[in-house]
Every structure is written in C-alpha cells, then in structure tokens.
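Notes for the structure review
Here is how the chains run, residue by residue.
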There are 2 protein chains.
Amino acid sequence: MKNILKLTITVLSVFVAFTSCNNSGKSDKKSGALAGNVAEKVYVAPGEHDEFYAFISGGFSGQLSVYGLPSGRLFKVIPVFSQDPEKAYGYNEETKPMLNTSHGFVPWDDAHHPDISQTEGVIDGRWVFINGNNTPRIAKIDLSTFETTEIIEIPNSAGNHSSSFVTENTEYVVAGTRFSVPIPQKDMPIKDYKGNFKGSLTFISVDPEHGHMDIKFQLIMPGFDYDLSHPGRGKSHGWFFFSTYNTEEASTLMEVNASQNDKDFIAAVNWKKIEEYVNNGGGTIMPTNYAHNVYDESTHMATSTMKKEVLTVNPLDVPGAVYLMPTPKSPHGCDVDPTGEYIVGSGKLSANLTVHSFTKMLAAIENEKFAGDAYGIPIINFDDSLAGVVEQPGLGPLHTEFDDKGNAYTTFFISSEVVKWKVGTWEVVDRQPCYYSVGHLMIPGGNSQKPWGKYVVAMNKITKDRYLPTGPEVTQSAQLYDISGDKMELLLDFPTIGEPHYAAGCPADLIKPRSKKIFNLEDNNHPYVAKSEADTKVVRDGNIVHIYMTTIRSHFSPDNIEGVRVGDKVYFHVTNLEQDYDVPHGVSMIGANTSELLIMPGQTETFLWEPKQEGVWPFYCTDFCSALHQEMQGYVRVSAANANTPLKWSLGEDID
Amino acid sequence: MKNILKLTITVLSVFVAFTSCNNSGKSDKKSGALAGNVAEKVYVAPGEHDEFYAFISGGFSGQLSVYGLPSGRLFKVIPVFSQDPEKAYGYNEETKPMLNTSHGFVPWDDAHHPDISQTEGVIDGRWVFINGNNTPRIAKIDLSTFETTEIIEIPNSAGNHSSSFVTENTEYVVAGTRFSVPIPQKDMPIKDYKGNFKGSLTFISVDPEHGHMDIKFQLIMPGFDYDLSHPGRGKSHGWFFFSTYNTEEASTLMEVNASQNDKDFIAAVNWKKIEEYVNNGGGTIMPTNYAHNVYDESTHMATSTMKKEVLTVNPLDVPGAVYLMPTPKSPHGCDVDPTGEYIVGSGKLSANLTVHSFTKMLAAIENEKFAGDAYGIPIINFDDSLAGVVEQPGLGPLHTEFDDKGNAYTTFFISSEVVKWKVGTWEVVDRQPCYYSVGHLMIPGGNSQKPWGKYVVAMNKITKDRYLPTGPEVTQSAQLYDISGDKMELLLDFPTIGEPHYAAGCPADLIKPRSKKIFNLEDNNHPYVAKSEADTKVVRDGNIVHIYMTTIRSHFSPDNIEGVRVGDKVYFHVTNLEQDYDVPHGVSMIGANTSELLIMPGQTETFLWEPKQEGVWPFYCTDFCSALHQEMQGYVRVSAANANTPLKWSLGEDID
C-alpha cells in the first residue's frame, strides 16, 4: 500500500499545486468611466427586474436557488431534498412525506444538475428537474409556484450523478448511477466488484400535461462509474450520451486505480429503440422498493407511495441500442451542441478536448466496424466517431456550454479558466481566468437547441480571498461574464448559497407571466382547512387534539384555548385567510420540537405540538404582517394529564 | 364578539390600506452618467472587498447572515437556532447539543436582534449576540470562526423579544420577555392574566476574556409585554431602557384590547444598583430548568448542561432601581442616542415621536415627584422626562438609529419611509420612501457611542413587485441608502435570506484581521480524532461501530470497510487532515437518516449511520476538492445481523 500512496502523491502533486493558486486573484481594477461601465452592466436599479432567471443548484445544501442575472441577486432558496426550518419543509405534516425514501426519512441530499423542461428543443419554463446524488432521487419543481411538487427515488442506483437532463420534448428525464453496486443489492466481498457490480441508466417518463414522473425502464450496464450525460437534440434526438470513468472497475484508492486506462467511454443510448422494445413487452420486471412522493396543490399535502417493481433492460437484448465511444482519460462533462451533431467529452486528465460526431458515429454503426466490445456492448473505433480535437486548450477540462453563434465555452478546473473555442474549426479564440477552480458553467438555454448567449456563469470551487473572510468556512461563489462580444468580459463575483454545482437559466419572460401570486382559498381541499373564522374549532379524539385555526391581519382565530393536557398530541392546522399577494402569516409555539409554519395566502399548513408541562403557553405570528403584527398572539392553557379542564376556545372574549 | 370584530376591521382598515401600496415602487430610473454613478457606489469589483460587515438576522429562519456593504452580497449563513443540513449543524453528533432546551431538542427559532460586543462604548468585533424569540434563548457567535459557540436558554420567559443588546463594556447582554406568563408556570385560567401573569428582564453576564455567559439575575416585572430595549451609554451607562405595550394586560384579540391605553411605558432599569444588591446577597433563588449549551473549540464538540435555579429580583426590593416613563401608544423601538442623553420611544400608533431626556429623568427621580405607580413601581410624570417631540414625522414609527453628525433616522412602517431628523431640535430634515413597509434599520455602530454614518440599511417586510417573482412566496429584502450627504440617496435593493429582522454592522477592519483560516490539527482534542492515516481504524463495541476516518485530497482512509452488520449503529468520525485555507471535505453515506458532514481543515465531525439492508454501500466526498474529487469515494459492506463477516478495513488494497 505504501508504494501506491507514494505514487498518488507524485501523480497528484501537479493538480494540488495548480489548485493552490498564488495569484492575487484580483482582476485589473478598472477606474473612472470604465469601472462605471462594468458596474452599470450588472446594476439593476431599485424596482427594475433582472433579465434572466438562473436556477443554481445548492450542491451539498440539497436545495435549488433562484437568482437574477445580471445582478447575481438571490430571490429564493427552494427546498428540495433537505429540510428547511424557515419554510417548514420537511417539518410540517404536509411536506414530511416528500423526504421519505426506501431508507426511511432522509433530511438531506446533494443536489447537482437542474434542467428546465423543453418543448421542441427549446426551454418552455414549466418545470425544473434536479437530482439528489447521495440517496438517488429526481425532483420536479413547478415554476408557477416555485415549490417542489414531486420526488421519485431511483432504485438500483448509488450516486445519482449523470442526472437529471431532459430530452427535447421532456419525454424523459434521465438518471445515471455514479457508483456501481450489486444489482440487486446483496452482501458480497468488495474485492469481487469487477464483473459483478453494475450501473443503471434510468429513463423517467414525464406526463406532458401534468408533469407526473414514472420510471419507464432501467438499462442495466457494466460496472463503470457513470458521470454526466446529455440528450441528443435535432438530428440526434432519440439518443442519450453518458460519460463513464473507472472502466478499470476499481474499488479502492480510486484517484490512482480509476486513472489507469488511456481511454474510458461515452455510452450512446438509442432510447427510442429501447422505448419501442419495452412498449412491445420487452424487459424484465425486477422486484425492488422505492419511494414516489407527490405534493398535491389541491389538498396542500404530499403523499409517499412505496413502489415495488421496476422494468429493467439488458442492453444485449436490444441490438443497436447501446454503443461505447472511447474518450480520453476519465471524461467528466458530456455535452451536446445546439445542432445535435457534436458530443464533447472532457477527459479530465487529458491534455486535449475530444469531440465526437453524431453523423460519424451513425456511419460507424452502419458499417459495423467495431474495436471490440465491453461486456457485449460494441465499442466504436476512436477515430471513426472523432469529429475533432481542441488541442491543449487548458488543464483539467470539465464542462462545455454553447452560445447561439457557433462557439463553445469549456471550463478548466486546474488551470482555472473558461476557454472559448469555435465549433467545427476547434480553434481557441479567447480565454478568461476564474477565481478559482471552476466546475460547471452555464449559458441560459445551454442544454437546448436555443441558447441565449449573452452571459456565461462560471461556478467555482474555491474562493479564499475573494470576499471578506468568514472564518475557516468561506463562501461558495459564481462569476458572471459578458459573452456578447468577441472577447469575454468578467463583470461580477457573486457568492452563492451552498455549492453552485450546476445551473439552468432562461429569459425571465418565459417564467414571469406564469408565476402564481396566491392560492385560491376556495380551491383549498386540505382535510383540516377552515375557510372562515366561523369554521374554526378545536376537536379532541383521545389524546389527539386538532385545532382548526385561521390567520388574518392581525389575529388568530381562536386565540385562547383551554382544555389541552400534558401528553396530548396537538395539531395546529392553520389556514391563512388572506387573498392578497405577499401577505403570508407565520405561527410558532414556544417549545415545539419542530419548526414554525410560514403560510402563504389561501394555504393550510400543520405543525405538531406535544406539551410536556402544565402552564399557559403563548403562540404568535412569526411574519411581520401589519402595524399590529406584534399584537398577533394567543395562549394555550395546558392542564395535567388527568385534569378535567373543559375543552374551550375563544377570540375576543374570555373563556369562562 | 361580533361587535369587537367589527371594531377591529374599522380600526385596522387604515393600516391595511397603507400597507397595500399601489405605487409602482420603482425609483426614478436614472440613466447615463447618473446611473453609472449610483451603480459604481455599490459595485465591488471582482477581487475587491466590501467596506463593512453587516450581520443581518434571518428572523424566522433562526439564523444570522453575514453580508458585505455596499454590495449587499451574502457571504455566510451562520446556523444559530435552526438546523442546517448543509453544514450538519444540529445533525452531527458534535452540534446536536446546541439545540437542546428544557423542552427537548428544538430545531428552529425566530432570531431577532444581533448586537456586536463593545469595549468602552465602541464595537470591538469579538462576538455577536442574538436572541431566539420563540423558545427564549440568547446565542453568542465567535467572530474569529463565525460559528455559534454558546446558547443559553432564558427561564421564566415567553417570547424573548426585547433582546439581545449589550452594555457598553459587554458587562451584560439583556433578555426581556415579550409575553407575560405565570412565573413559575402553572395551570390557571387565561382570563386571570391581570395581576397574575408576570414579565421578566434577564441580565446575563459575559466573561470579559472568554465571553462565557451566565444569568446574573432576573427582574420579575408586571405582566406587560416587553418589546424592545437599549442600554444607556456614556452618561447613562449603568441604566437599561425597555419599551412596553399591553399595559392593559389583555389576553385576547390584542390588536384591539392591547391598544386601549393612551400611553404605555418605557421602563428604566438601573442595573448597576441591582448588581450591587445581588452582589451583597440580595434576590431570591427560584428553582427552574434551563439549558446552557457550549461548543468547545478544543474538542470540536458541544455539551448541554441543564441548570436548575435562577436568582430573581423583585423591583420593589431595590428602591431607586426601576422607574416607568409614560410613552404614547404602544411604543415599539426604544433607542438611545450616541451620547446617552436621549431615549427615543416609537409609539407605533402615535402621530408623534417621543424623546425622553436621561438628565430630566434623573432630576424627576431626584425630586421624587411621581405620577403614581404600577404594581409599586414609580411612574414619572410624562412632561418631567420629556426632551422633545418630533411632530407628525410619518405613520407607524418603529425604530431609530443615529449617525455621527447628530442626526437620527426613524423608520415608519405604515407610511413606508425612513425619516431623518435632528437630535435636539427635533426637526425633520429629509425623508426617503422604502419599498415596502420597513421594520428595523441599521447604521454600522448604531447601538454604540460611535456610529459610522456612511450607510443606512432599511429592512423591509413586503417586497411584492420589487424582484422577479418566485410564486406566492416572494423574497425578503433590504435597501441601502447613502447617508454621507445632507440628503439620503437610495442606492440598492438587495434580497435577503429569511426575514431581515434587525442587523448589526461595523467596518470590516474590526473583524477581518482576526478571522481564522484553519483549525490546527495538533490542537484537535476530539475524543475520536485520527491525526494521521496511521491512526485510522474501525472499532466494534457491541452493536456500536466507531470508524476513525481521515480525508485528504483525494481519498478517505479507510475507503473499504467490511464486517458491518444490519442493526449496527455506525459512527463515522471524520477528521480533515488538510491544513490549507479553503480545503474542506464533505462526506455522506447513501440512505443515512441525517445530513452530510462539511469538515473544515483540521476539524473532526461525526455522523451516525444505521444500515437497514445487506449490501455494498458507497460513501463519497461531497465538496469538490481537487481534480480527482470525483474519485474520492469508498464502500462499506453490510452483512446480515447474525453474519460473521470479520471487521476489516483498507485503503489501496483489497480486503481478503
């Protein structure tokens, strides 16, 4: 083991040295008119709106954040895979089921790749999908409410990384396993990985009207690590491309052992062919167990259903459906240009950038001249699919996006820069440093036929001295570049919540007109709704107490309650009667072992309170709602477990 | 009850109308050179640093956020009272005790008023204190690590609102109850509130060297609502001032019933006199139960201790210690000017702003001419302490801060503006609209003898159309004004995380030089630390398994583990061996019912995993750490509960 470790240190010292950038990192300070010019480009004056929405993954925060461009301002952190005490997500009774999995309640995940729904290859602004990497899941966020409305767990997967990208009519959202595992899971020695562990690529159909997700099929693949993916589009619509690494099938000290092969693969999957195969009864039903969680806007509640089987497909059973394109060393990004002709594989340990041609790939398949196979899957000759090479553009290529003028933009983690190059001629035309160690980048419309090439956002992994320090933990950060001219121009450093892992963006006008302002009270079908103060009441059922409560500026109904006992489970079902925009109310109870509620107009939410001690305990509104917000409070009297204090409630008069 | 409700609607329609601002809310769009000028004032070029830190309370998020001014950029959300899945706060074994209370584990609170420590009346940048309003607590954040290091629960309190302000040498941080309750708590009818419910004002001593907090005494006061407070300074050092409302002692429909009295009070407390009294053995020890939670930077762990008694003081037992100054209708803010002479009471239902004189108050006390008493506490004649009145400055005054040129700035919620007036002449000299419904405002150094009067931040309650919409829930927001000239100038709208309830700020140079970059590995005394890969191991103790694990770019040691069984409680104790700035590692395990860990250089953190199913399960690094981050992973083999798979672990070689 010692020799291997020494080797590691030698091999990696190069990368470590590069990532420890000693450069001061300050851009040339512009002064006078020039500084004003740059400042004006990102300044959105008070009351004006940003031009683009950017949905930036929170990475290891598990959430999805909504930013405006060019200002870089954060408008909302949408809770997706992690609990959020501010918004009660994962704490209130309505949303707890959203975080259910086959492993039980999981309060966190690692969110990675948001992708906005498309129609005919163009972003349509209806939903945004995002993957949970740790406990494999795909979530859907509704862009009329900006709330997570569906989460589906992915069985037979571990490290749901090459996800969640959509096809050009949102027929499917795709999930691919990063870590191969025994499928189905079983107790076996780790050293027997090779040939026994498997990967899975999952195609989840999306209902075109309601967006409901359903696993259509899972392709069971060789035991590689599946890293990233993108759909074909235009001429390559019907195909999906997945990068792989660890084709060595190593299981320990991967930084050395998974970096041995000169080339790994991009897997090309003809999903239309497999769809036809399964529509005709193909595939094998495998028993499994995974959660499907759906939030219903009518009842304001989520339900979790455990599903028990999944349709699996062996690629060898569908000839012509899956091919492997060799791609130099450990390709990470796997990006398809707007025309659908070019597939860029970013071999992260490679000196060059490899671009495959879809047309050449088809010709090679047609000619049936292969370089061999991997577990029976045909391997295309490297040169047969090769469209071109961008020669020595930088160190550590990761990801590529495209503008609407035939240019590609690739990030280089080690040399810490964005490099602009011409699709087709492969020549480098510009480069700009990133501060520091850029991962993904995003151009609005990047994963579509229609990019809006005005800005690129670089999402960085290291910030160090870029901002005022905040102790050992420093902020994560993104950088905004103007790409409307020949040369890129760095405009702004803006910090982000969580790790800005990847992002999806589009012009504001695609989403803004559809944004809801309130929930209509009359459409509220929550089982414990009170639609007026006349409907409020307190009901005891054994040691369960249901409080049907309402809020309106500035009181609760009821606001005095007696007859609750130590040991009761008290459910506060609180309906916000307001029907105006931006008039939420909050509610919290001293000592409750859960979060507050933050209730939007017309909505009902529920928290549980288990009083442990006799006394008179206050509750109050947590969202400053009016000039008399501070007076919006109430009391619950708690008597002994065996007391006979009668159950009574009131507003505006004493309880006798 | 119906008549009362009708009255409410009539009385309040005025306020509702005012808060529903129909104004487009857009500032005059500046163009050309003028726009550039404003843009430049808030633009902090890439690589440059902001001039001020602003610590903005997250309000109902329970956290404290660190922003830079003038850019309005968010650098860190410091978890304080709420769980944070991104940073493992409240999820890892080390920080769970921080959220312990007498009510058990409470994962959320409503954070309100940050205040930075002071030496000789000037901000010293060592700690920032903040109160939890719902389950009464005071937290201390260390400004070298930007981490919460201490939380003390406040017994005999409910709605810890008039908190957490510090005296001018940080002798005390103060907590005051908003809701009065039975003290001690007992089961009694709510209608018997009057005369029986009490408020408490708590003085928590702060150790001048280490900052350790300890409750020195609690003053048991009449059953009013104690709303806000500020310390005396300079000439009034030794006193503390608390605003009250609900001197009606109502308990239901407070928006009507607590708005009846023409005047409520500002309570003036001579804490030096009470300190002397208790130092001489005065006061009564009351049995109680509250949590005191301390994070130890040496062991990297928090411990929670339940304390069982508190020293209470009856104000009637300390003659000359407490007085009441009548202040028109339901005063909210209670703000002391930099000289310590003036105490501004913002009667939120009053047409005018009332300013008390400390000198006149002392004279009135000296003369012993009182207007009567409330529960034995002397009431000073209104005119005797009155310094002046700002006549009809706006509607719904809430809070006042001061610059260094003798000006005061008061927020008006209903008329939605900041109004600048001259201290001493009481004349209004400028006003600027806020978008919309401003609550607190902040000038760096606001609660001190030395304000830095360059900017004021207005923290608003309503934003509606100010930003791109995000469904029914819209962002919270602050606005930045330049106050360096005679007239205020609106520079920037910037959205905030959570509710920007209140803020504290100071020049960056007071904090920046003391910010830690790493934790020294050699000083790490965590009981389960592994300080090198040679120290890593896996130890079984019954069904408890302790994994002593390390991280370094880019592998875990060990990364293959076998011999874990279904039903085990597996503790991953993970030490980050890195000793460079900004090289955290993360770790997560598929299906764990907790969050990831985000481990700073030199730190040890622990998560619990309870495997429920046989198989081979992956873990991986969640924070992109190097070019080979994606290879930083490992596997744990889980056998049946009764299996005899031997406990083994490895790195770089197979387990035999």
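Residues numbered from 1 in each chain as written. Chains lettered and ligands numbered in written order. Predicted model: local features only at pLDDT ≥ 70, side-chain atom pairs only at ≥ 80, totals over all residues. Heavy atoms only, no water.

Once that is clear, we can look at the overall build of chain A. Helices and strands together make up the secondary structure of chain A, namely 6 helices and 45 strands. Over its C-alpha trace chain A gives a radius of gyration of 27 Å, about what one expects of a compact globule, namely 26 Å for 656 residues. Projected onto the principal axes, the alpha-carbon positions of chain A cover approximately 90 × 70 × 55 Å. By the burial criterion, 69% of the 656 residues in chain A qualify as buried. The long-range share in chain A, meaning contacts at least 24 apart out of those at least 6 apart in sequence, stands at 63%. (Helix = DSSP H or I, 4+ residues; strand = E, 2+ residues; numbered from the N terminus. Rg over C-alpha atoms; globule rule 2.2 N^0.38 Å. Buried < 20%, exposed > 50% of the residue type's maximum accessible area, 1.4 Å probe, protein only. Contact = heavy atoms within 4.5 Å.)

Turning our eyes to something else, we now look at empty space enclosed by the protein. Tallied over the full model, the rule gives 15 cavities of 30 Å³ or more. By volume, the largest cavity is sized at about 640 Å³. Along its surface, the largest cavity is lined by 43 residues, and Val77 and Ile497 of chain A together with Val77, Glu86 and Ile497 of chain B are the ones closest to its centre. For the lining of the largest cavity, the secondary-structure elements that each account for two or more residues are strand E3 (73–78) of chain A together with strand E3 (73–78) of chain B. The wall of the second largest cavity is formed by 28 residues, among which Ser71 and Arg73 of chain A together with Ser71, Gly72 and Arg73 of chain B lie closest to the centre. Class assignment of the residues belonging to the lining of the second largest cavity gives a composition of 20 nonpolar, 6 polar and 2 charged. (1 Å grid on protein atoms, 1.4 Å probe; cavity = no way out; pocket = protein on both sides within 12 Å on 5 of 7 lines; lining within 4 Å. Points joined across faces, edges and corners; volume = space filled by probe spheres on them. Nonpolar A, V, L, I, M, F, W, Y, C, P; charged D, E, K, R; others polar.)

Attention now moves to the side chain of Ser157 of chain A. Of note, Ser157 of chain A is situated in the loop between strand E9 (147–153) and strand E10 (165–166). A relative accessible area of 10% means that Ser157 of chain A is categorised as buried. Other than its neighbours up to four places away in sequence, Ser157 of chain A contacts Pro136, Thr177 and Ser200 of chain A together with Ile590 of chain B.

On to the pattern of salt bridges. Residue and element names in this part refer to chain B. What the rule picks out here adds up to 56 salt bridges over all chains. With its nearest N and O atoms 3.7 Å apart, the salt bridge here joins Glu86 to Lys87. Like Lys87, Glu86 is buried. Asp109 is the salt-bridge partner of Arg137, the closest N and O atoms lying 2.7 Å from each other. With Arg137 in strand E8 (residues 137–142) and Asp109 in the loop between strand E5 (104–105) and strand E6 (115–119), this residue pair connects regions lying 28 residues apart in the sequence. (Salt bridge = Lys/Arg side-chain N within 4 Å of Asp/Glu carboxyl O.)

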